[in-house]
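# Report on the structure
Read off the chains here:
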Amino acid sequence: MTAFSISRVFRFDDGNTRAPQISVFPEQAPQGENDLEIRIKHFTEIENFGFLGFVLAHELGGKKKQRVRALDNVNVEDAEVQGLIVKLRQAPLSNEALGDELLDVDINWEHFVASTNDQLIPGDPLKVSDAQLQKKIDALDELSEALVGEINQRSQEHTARRERIKRLVLMLTIAAVGALIIWALIAR
C-alpha cells in the first residue's frame, strides 16, 4: 500500500512466498466529487498500474525468453488489440521485454481514457459514448491486466527459484562444514 493511499493500485510482497506482486486493477470506479475527478483518478491508476508492472519486470531481469502464458485465453472485441494479443502469444519475451510491452499497451490505455473526457457518460464516467472507442479502451484494459498477471507469475517463479538456490547453498555449506569436522576428527 502507498503511504497516502491515493491510488488503489500498489506493489506488495506476497504473504506466503514473499514474491513482489502488483495488485489487481480495481474494477469499480474510484471515489470522487464529480465525474471528471473520478475519470482523472481512474487514468492515474492506469498509469500507476503499468509503471509498477514495468518496474517489477525490469527488476526481475534475465535474458531467458518465454511465451506470455497469461494471454492463452484472452480474447477481446477490438480487432487491432486482438491482433496484438495474437502476436504477443507467438513472441517469447524476456522479463524486460514483457515490461516494455506492458508499458506501451498501458500508456495507450491511459491515453485513450485521458483523451476522451468529452465523451464520458454522465453518471458512468469510466465509459464513453462511442461504442467502438469503448471496445478499444476495454481491450487495452484486458491486455494490460493480463500482462501484469504474467509479470506477477514470473515474479512468483523467480522468487521460488531464488529460495531453492538459497536452500541448496545452505545445505551445501552445512555438508561442507560437516565434512571438514569429520576430516579434522579423522586427521587427529
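The rules behind these values
Residues numbered from 1 in each chain as written. Predicted model: local features only at pLDDT ≥ 70, side-chain atom pairs only at ≥ 80, totals over all residues. Heavy atoms only, no water. Pairing = 2+ DSSP bridges. Helix = DSSP H or I, 4+ residues; strand = E, 2+ residues; numbered from the N terminus. Core = buried A, V, L, I, M, F, W, Y, C linked by side-chain atoms within 4.5 Å. Buried < 20%, exposed > 50% of the residue type's maximum accessible area, 1.4 Å probe, protein only. Contact = heavy atoms within 4.5 Å. Salt bridge = Lys/Arg side-chain N within 4 Å of Asp/Glu carboxyl O. Phe/Tyr/Trp six-rings, centres within 6.5 Å; stacked < 30°, edge-to-face > 60°. Expected span 1.5 Å × (residues − 1). Polar contact = N/O pair within 3.5 Å; in protein donor to acceptor, adjacent residues only side chain to side chain.

### Digging into the pairing of strand β4 (residues 124-128)
Two faces, one strand: in a regular strand the side chains alternate between the faces of the sheet. Across two bridges, strand β3 (residues 120-121) lies against β4 in antiparallel orientation. By the bridge assignment, I121 is partnered in β4 with D124. Here β3 hands over to β4 after two residues, with G123 in that stretch at a positive phi of 90°.

### Topic: unusual backbone geometry
With a phi close to 65°, R18 is a non-glycine residue in the positive phi region. If you trace the backbone, R18 turns up in the loop between β1 (11-13) and β2 (20-22).

### Brief notes about the nonpolar core
Grouped together as the largest cluster of nonpolar side chains are 32 residues, with contacts concentrated most on L71, W109, L143 and L147. Of all the secondary-structure elements, those providing two or more residues to this core are α1 (35-60), α2 (79-90), α3 (95-114) and α4 (131-187). Setting aside its immediate chain neighbours within four residues, L143 contacts L71, V81, I85, L88 and V105.

### Overview of the pattern of salt bridges
All chains considered together, the criterion is met by 11 salt bridges. Two residues, D138 and K127, come together in a salt bridge whose shortest N-O distance is 3.8 Å. Taken together, the positions of D138 in helix α4 and K127 in strand β4 put the pair 11 residues apart, joining distant regions of the chain. The network of salt bridges with shared partners includes R69, E150, R154 and E157.

### Concerning the packing of aromatic side chains
Pairs of aromatic rings are described using the distance from one ring centre to the other and the angle between the two planes. Counted by the stated rule, this structure contains four aromatic pairs. Plain terms: the ring middles of F25 and F49 are 5.2 Å apart, the flat faces sit at 70° to each other, and that makes the pair edge-to-face. With F25 in the loop between β2 and α1 and F49 in helix α1, the pair connects residues that are 24 residues apart, well separated along the chain. In this structure, F25 and F49 share a single accessibility class: buried. Ring pairs connect the aromatic residues F25, F49 and W109, which therefore count as one cluster.

### Some remarks on α4
An α-helical segment advances 3.6 residues per turn. Residues three or four places apart therefore align on the same side. With 57 residues, α4 should cover 84 Å at 1.5 Å per step; its first-to-last C-alpha distance of 83 Å lies within 8% of that length. The N-terminus of α4 is capped by D130, whose side-chain oxygen sits 3.0 Å from the backbone nitrogen of Q132.

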